[in-house]
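Chain residues, written in single-letter form:
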Amino acid sequence: PHAIAALIDDEKKDYLWLEHSERLSECFAGDQTIIDAIDRWLLRNEPVLLREVSYFVRVGWTETGKKRLLEGLEQSFPFWAAEALLDHWGMDDPAVATALSELAMSPKAAEIGFLLPRIIPDGERCRERLMVLLRDPQCRRPDFVLSGLWQLNQPEHSGEIVEAALPFAERESI
C-alpha cells in the first residue's frame, strides 16, 4: 500500500487513475494509507472524470470524497457521483438527500434516471417524474429513464411507457 500511496501522492505525475481506480477500490478498501493519499489527491486535483473520483472515494468513504462527489453532481455524467453517494451515504444523509432531490427535479434528471427509484421512494411519484422525462423529446438519457421505470416494476403502465419510448427508437442515438 505504501508504494501505491506514493504514486497517488506524486505531484509531478499528471496521471489519470481511470484505468486503475476501480481495481484500487476493490483491493485497498479501508486501507488508511491509501485513503489518506486519495484524500490528498482529491484536495490537490480538480477531478477530470467523475468515474475516477467515484471509485477512489469507495476506498475510504471520507468527508473529502463526499464533498467532491457532491460537487460532481454539477458536472457532466453526474450518475457516477450520484450512485456513489447513494451507495454509501444514502438518502438518510441530509446533504446527499438535498442535492440528489434537487437533481432529480432538475432538467438533468434523465442523466440519473436509473437512480430515481432510490431518490424518490414513493413509486407513483417516481413513475410520474420518470414519465415526464421520457415524454420530453430532448431527453438525453432515455435508456436511464427506462431503466428507472423498469426498476419500479409497474407492469400496469407498460403500454404508456412503450408509447412514450417509441420516438426514441427512431433517433440515431439513444
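Undergrad: Even after reading the chapter, I still don't get the overall build of the protein chain, so can you show me in this structure?
TA: Per the secondary structure count, the protein chain includes 11 helices and zero strands. Helices and strands in the protein chain line up, N terminus first, as α-α-α-α-α-α-α-α-α-α-α. Taken over the C-alpha atoms alone, the protein chain extends approximately 55 × 35 × 25 Å along its principal axes. Long-range contacts, defined as pairs at least 24 residues apart, comprise 65% of the intrachain contacts of the protein chain with a sequence gap of at least 6. Roughly 9600 Å² of accessible area belongs to the protein chain as shown, and the carbon and sulfur atoms make up 53% of that amount. Looking at charge distribution, the protein chain has the averaged site of its 19 positive side-chain charges lying 3 Å from that of its 31 negative ones.

Undergrad: What exactly am I supposed to notice about helix 4 (residues 50-57) here?
TA: Within an α-helix, residues lying three or four positions from one another point in the same direction, as the helix has 3.6 residues per turn. The buried fraction of helix 4 amounts to seven of the eight residues, a majority that puts the element mostly inside the structure. Of all the positions in helix 4, only Leu50, Glu52, Val53, Ser54, Tyr55, Phe56 and Val57 are classed as buried.

Undergrad: When you look at the side chain of Asp93 in this model, what are you seeing that I'm missing?
TA: Following the sequence through the fold, Asp93 ends up in the loop between helix 6 (79-88) and helix 7 (94-104). Among the polar contacts made by the side chain of Asp93, one reaches the main-chain amide nitrogen of Val96 at a distance of 3.0 Å.

Undergrad: Can you walk me through the packing of aromatic side chains in this structure?
TA: Here the structure, examined in full by the defined rule, presents eight aromatic pairs. On the basis of an interplanar angle of 55° and a centroid distance of 6.1 Å, the ring pair of Tyr55 and Trp80 is categorised as tilted. Linking Tyr55 in helix 4 with Trp80 in helix 6, this pair joins segments that are 25 residues apart in sequence. Pairing Trp61 with Trp89 gives two aromatic rings, centres 5.5 Å apart and planes at 85°, and the pair type is edge-to-face.

Undergrad: It is not clear to me how the packing of helix 9 (residues 123-135) against helix 11 (residues 158-169) should be interpreted in this structure. Could you clarify?
TA: In a packed pair of helices, the relevant descriptors are the angle between the two axes and the axis-to-axis distance. Viewed as axis vectors pointing N to C, helix 9 and helix 11 meet at an angle of 30°, and their least axial separation amounts to 9 Å. By the angle between their axes, helix 9 is roughly parallel relative to helix 11. In this structure, the crossing between helix 9 and helix 11 has a hand that is left-handed. Across the interface between the two elements, Arg127, Met131, Leu134 and Arg135 from helix 9 touch Glu160, Ile161, Ala164, Ala165 and Phe168 from helix 11. For the contact of helix 9 with helix 11, the class distribution of residues is six nonpolar, no polar and three charged.

Undergrad: Got a minute to help me understand the nonpolar core in this structure?
TA: General note: in soluble globular proteins, nonpolar side chains tend to be found buried as a group. Within the largest apolar cluster, 50 residues are counted, with the highest numbers of intra-cluster contacts made by Ile119 and Leu134. Excluding residues within four positions of it along the chain, Ile119 makes contact with Leu86, Met91, Leu100, Ser101, Ala104 and Ile112.

Undergrad: Mind showing me how you'd approach the environment of Trp41 here?
TA: Structurally, Trp41 is set in helix 3 (residues 32-44). Trp41 gets classed as buried once you look at its relative accessible area, which sits at 6%.

Undergrad: Please explain the environment of Ile35 as it appears in this structure.
TA: In this structure, Ile35 sits in helix 3. Through-space distance from the C-alpha of Ile35 to that of Val57 is 8.3 Å; in sequence the pair is 22 residues apart. Those residues in contact with Ile35, other than ones at most four positions away along the chain, are Gly30, Val59, Gly60 and Thr62.

Undergrad: I keep staring at the environment of Gln154 and nothing clicks. Help me out?
TA: Summarising the element assignment, Gln154 is placed in the loop between helix 10 (142-152) and helix 11. Among the residues examined, Gln154 registers a relative accessible area of 15% and is labelled buried. On a C-alpha basis, the gap between Gln154 and Arg127 in space is 8.8 Å, while along the polypeptide they are 27 residues apart.

Rules behind the numbers
- Residues numbered from 1 in each chain as written.
- Predicted model: local features only at pLDDT ≥ 70, side-chain atom pairs only at ≥ 80, totals over all residues.
- Heavy atoms only, no water.
- Helix = DSSP H or I, 4+ residues; strand = E, 2+ residues; numbered from the N terminus.
- Contact = heavy atoms within 4.5 Å.
- Areas by Shrake-Rupley, 256 points an atom, 1.4 Å probe, with all protein chains shown as cover.
- Lys, Arg positive; Asp, Glu negative; His and termini not counted.
- Charge placed at Lys NZ, Arg CZ, Asp CG, Glu CD.
- Buried < 20%, exposed > 50% of the residue type's maximum accessible area, 1.4 Å probe, protein only.
- Polar contact = N/O pair within 3.5 Å; in protein donor to acceptor, adjacent residues only side chain to side chain.
- Phe/Tyr/Trp six-rings, centres within 6.5 Å; stacked < 30°, edge-to-face > 60°.
- Axes fitted to C-alpha atoms, helices over the stretch in contact; angles between N-to-C directions.
- Parallel < 35°, antiparallel > 145°, perpendicular 65-115°, else oblique.
- Left-handed = near helix turned anticlockwise from the far one by under 90°.
- Nonpolar A, V, L, I, M, F, W, Y, C, P; charged D, E, K, R; others polar.
- Core = buried A, V, L, I, M, F, W, Y, C linked by side-chain atoms within 4.5 Å.

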